[in-house]
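Structural features, examined
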Amino acid sequence: MDGVLILTILIVIGALTFDFINGFHDTANAIATAVSTKALKPRHAIILAATMNFVGALTFTGVAKTITKDIVDPFTLHNGTVVILAALIAAISWNLITWYYGIPSSSSHAIIGSIAGAAIAAAGFSSLNYAGFLKIVQALIFSPIIAFVVGYIIYSIFKILFKNNSLTKTNRNFRFIQILTAALQSYTHGTNDAQKAMGIITMALIANNYVTTTDIPFWVQVSCATAMGLGTSVGGWRIIKTVGGKIMKIRPVNGVAADLTGAAIIFGATFIHLPVSTTHVISSSILGVGSAHRVKGVKWGTAQRMIMTWVITLPISALLAGISYYILDLFF
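Each chain has its residues counted from 1, running along the sequence as written. In view of the model being predicted, local features appear only for residues whose pLDDT reaches at least 70, and side-chain atom pairs are presented and counted only at 80 or more, with totals across whole chains, interfaces and linings using the full set of residues. In computing side-chain values, all of the structure's heavy atoms are included and hydrogens and water are not.

Examining the overall build of the protein chain
So the rule is basically this: The helix count covers DSSP runs of H or I at least four residues long, the strand count covers runs of E at least two residues long, and both are numbered beginning at the N terminus. Put simply, the radius of gyration uses C-alpha atoms, and a globule should come to 2.2 Å times the residue count raised to 0.38. Only protein chains enter the area calculation, which uses a 1.4 Å probe; residues under 20% of their type maximum are buried, those over 50% are exposed, and those in between are partly exposed.
In terms of helices and strands, the protein chain carries 14 helices and zero strands. Counting helices and strands in the order they occur from the N terminus, the protein chain gives α-α-α-α-α-α-α-α-α-α-α-α-α-α. The C-alpha atoms of the protein chain give a radius of gyration of 19 Å, which matches the 20 Å a tight globule of 332 residues would have. The C-alpha extent of the protein chain, read off along each of the three principal axes, is 70 × 35 × 35 Å. Split into buried and exposed, the 332 residues of the protein chain put 58% on the buried side.

Considerations on the packing of aromatic side chains
Inclusion rule: What counts as a ring pair is set by centres within 6.5 Å for rings of Phe, Tyr and Trp (its six-membered ring), and what kind of pair is set by the plane angle: stacked under 30 degrees, edge-to-face over 60, tilted for all other angles.
Here the structure, examined in full by the defined rule, presents five aromatic pairs. Ring plane angle 70° and centroid distance 5.7 Å describe the contact between F60 and F267, whose orientation is recorded as edge-to-face. Of the two residues, F60 sits in the loop between α3 (42–57) and α4 (62–69) while F267 sits in helix α12 (residues 252–271), which places them 207 residues apart along the sequence. A relative accessible area of 25% places F60 in the partly exposed class. For F267, a relative accessible area of 31% puts it in the partly exposed group.

A few points about the nonpolar core
To be explicit about the condition: In this description, a nonpolar core means a group of buried Ala, Val, Leu, Ile, Met, Phe, Trp, Tyr and Cys residues linked to one another through side-chain atoms lying within 4.5 Å.
The biggest cluster of nonpolar side chains holds 54 residues, and the ones touching the most others in it are I71 and I115. Elements supplying a minimum of two residues to this core: α1 (3–25), α4, α5 (80–100), α6 (107–123), α7 (130–161), α9 (194–207), α10 (218–234) and α14 (300–329). If one sorts the elements of this core by residue count, α5 sits on top with eleven residues.

Structural notes on the UniProt feature "transmembrane region" (unreviewed entry) in the protein chain
Operational definition: UniProt positions are given in the numbering used here, feature names are shortened, and annotations may be inferred rather than shown by experiment.
UniProt annotation of "transmembrane region" (unreviewed entry) refers to residues 44–64, 76–97, 109–128, 140–162, 218–240, 252–272 and 307–328 when read in the numbering used here. Secondary structure within residues 44–64 divides into 81% helix and 0% strand; the distance between the first and last C-alpha atoms comes to 29 Å. A helix fraction of 95% and a strand fraction of 0% characterise residues 252–272, whose end C-alpha atoms lie 30 Å from each other.

Considerations on unusual backbone geometry
You will see that N79, though not glycine, has its phi angle at about 50°, which is positive. Note that N79 resides in the loop between α4 and α5. Despite not being glycine, H273 has its phi angle at roughly 65°, a positive value.

Points about a nonpolar patch on the surface
The criterion, for reference: Here the term patch refers to residues with relative accessible area over 30% and no salt bridge, with like charges joined within 9 Å and nonpolar side chains (Val, Leu, Ile, Met, Phe, Trp, Tyr) within 5 Å. Only the protein chains shown count as covering a residue, and every accessible area follows the Shrake-Rupley method with a 1.4 Å probe. We define a salt bridge as a side-chain nitrogen of Lys or Arg found within 4 Å of a carboxyl oxygen belonging to Asp or Glu.
Residues I141, F142, I145, I146, F148, V149, Y152, I153, I157, L161, V295 and W300 make up a contiguous nonpolar surface patch of roughly 1100 Å² in combined accessible area. In this structure, I153 sits in helix α7. Owing to a relative accessible area of 44%, I153 belongs among the partly exposed residues under this scheme.

Concerning the environment of A225
Note the following rule: By the convention used here, residues are in contact when the closest approach between their heavy atoms is within 4.5 Å.
The residue A225 is located in helix α10 in this model. Between the C-alpha atoms of A225 and V55, which are 170 residues apart in sequence, the distance is 7.6 Å. In this structure A225 touches F54, A57 and L58, once residues within four positions along its chain are discounted.

Digging into the pattern of salt bridges
Scanning all chains against the criterion turns up four salt bridges. We note a salt bridge from D215 to K65, for which the minimum N-O separation is 3.3 Å. One end of the pair, D215, is in the loop between α9 and α10; the other, K65, is in helix α4, with 150 residues separating them in the sequence. Among the ionic pairs, K135 bridges to D70, the shortest N-O distance being 3.1 Å. With K135 in helix α7 and D70 in the loop between α4 and α5, the pair connects residues that are 65 residues apart, well separated along the chain. Owing to a relative accessible area of 7%, D70 belongs among the buried residues under this scheme. Linked through salt bridges whose partners overlap, the residues forming this network are K69, D70 and K135.

Focus on the packing of α4 against α9
The criterion, for reference: Helix axes are fitted to C-alpha atoms over the stretch in contact, other axes to C-alpha atoms as well, and angles between N-to-C directions run from 0 to 180 degrees. For this classification, under 35 degrees means roughly parallel, over 145 means roughly antiparallel, 65 to 115 means roughly perpendicular, and everything else is oblique. Handedness of a crossing is defined here by the sense of rotation of the near helix relative to the far one, left-handed for an anticlockwise turn of less than a right angle and right-handed for a clockwise turn. Charged residues are taken to be Asp, Glu, Lys and Arg, nonpolar residues to be Ala, Val, Leu, Ile, Met, Phe, Trp, Tyr, Cys and Pro, and polar residues to be all remaining types, Gly included.
In contact at an axis separation of 7 Å, α4 and α9 are set at 45° when each is read in the N-to-C sense. Between α4 and α9, the angle falls in the class oblique. Seen along the crossing, α4 lies across α9 with a hand that is right-handed. In this structure, α4 contributes G62, V63, A64, I67 and T68 to the contact, and α9 contributes Q195, K196, M198, G199, I200, T202, M203 and I206. Classifying every residue of the contact of α4 with α9 by side-chain character gives seven nonpolar, five polar and one charged.

Some points on the side chain of T188
Residue placement: T188 occurs in helix α8 (residues 167–192). In this view, T188 contacts A263, I266, F267 and T270; residues no more than four positions away in its chain are not counted.

Here we look at the packing of α5 against α6
Look at α5 against α6: their axes get within 8 Å of each other, and the N-to-C directions meet at 145°. With respect to the hand of their crossing, α5 and α6 are arranged in right-handed fashion. On α6, the residues touching V83, A86, A87, L88, A90, A91, W94 and N95 of α5 are S107, A110, I111, S114, I115, A118, A119 and A122.

Take a look at the structure:
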């Protein structure tokens, strides 16, 4: 078995591992509100999320193509196989570190920063596709801001529409609705997050001349969808505890408003082929809803810690990827 094939297999395994970790790291966000309000039992929520993530991952490929071609050019990438492997090692490492400490950081920031950092280490800053890279970074920055605003607006509308309703009756009704919104949010999560690993694998296939276009092979779609679904089935309880309870006390009506907001923003990004951080979007949705409900009820200390992690993830993952590249380059 030649060295190129071995490296390609390692990348496929690494990308599927990243998707598996992404499943229990990021997908926890999609069901955190439903679990915290007891709209769904944890086991049922995880089964629902795993199923909907799998379906969502098979539905679209636009985001995967963006990852494949818009950060760097896979057809001209210097030492592309080692670059991609280094990026995966860095992203997986950062995901595991933040998962261990229960910090809802962004897998999207981690993998995008890692690809950029490894590419720069291999061929300098000129290796970046600046137009595409900046477009992706803008989506990562603005999507949580939009989610905060939309969450605030949606919950404000809810307050007006249901101001004369019994709180007990309203919560009971919204608890049923939340099952649907949790499913919707899990589906949209699959349409965006699972595609990042698809893009990574396709980059490797192009770099090693196994494919000649940026079209995503069907076996790559199925493999990544399965890996994320299995990862989701493991569950991410540390993240669920942070998102579901440490930002604010979530009631069913808050959860529905946050779920609808998150699903709308994530699917909107998928529709225009842009990768966004589902972690950022969902957490910002909850912050927006919480601010509309009662500003003092939001635990801003937790929010501040999350925002700090969001800010540092891109540069730290890029640095880790650069170091990983230099180490791997000694052996390959």
